[in-house]
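# Fold and geometry: a report
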Amino acid sequence: MQRVTLQIEKMSCGNCLETVKGALEGLDGVDRAYVHLEDKTARVDYDASRVNTKQMAEAVEEKGYMIVP
């Protein structure tokens, strides 16, 4: 299991947090996503053999948010 922290822009409320969390945890290979509204980050525990950060970014961006490189 690996862990990555993603910086996410455009989150402003609890609904945003739940949307991002759902997008990440909906990916095959993501074990858990801890999304924090205050610092606009998501800490993701994942299996690197099944999912990568590019796929995570695409899932979040499909919901209208942006990953900051």
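Check the entry above for the structure.
Here's a quick rundown of the structure.

Criteria and cut-off values
Residues numbered from 1 in each chain as written. Predicted model: local features only at pLDDT ≥ 70, side-chain atom pairs only at ≥ 80, totals over all residues. Heavy atoms only, no water. Helix = DSSP H or I, 4+ residues; strand = E, 2+ residues; numbered from the N terminus. Buried < 20%, exposed > 50% of the residue type's maximum accessible area, 1.4 Å probe, protein only. Expected span 1.5 Å × (residues − 1). Arc of directions from axis to C-beta. Contact = heavy atoms within 4.5 Å.

Further remarks concern unusual backbone geometry. Positive phi, close to 85°, is recorded for K10, a residue that is not glycine. Positionally, K10 belongs in the loop between β1 (2-9) and α1 (14-25). Non-glycine residue K40 carries a positive phi angle of around 55°. Checked against the element boundaries, K40 lands in the loop between β2 (30-36) and β3 (41-46). Here K40 falls in the partly exposed class, since its relative accessible area comes to 28%.

Okay, α1 next. Between its first and last C-alpha, α1 extends 16 Å over 12 residues, near the 16 Å set by a 1.5 Å rise per residue. Among the residues of α1, those classed as buried are C16, L17, V20, K21, A23 and L24. Down the axis of α1, the buried set is contained in an arc of 160°. They therefore lie on one face. Lining the buried residues of α1 we find β1, β2, β3 and α2 (53-62).

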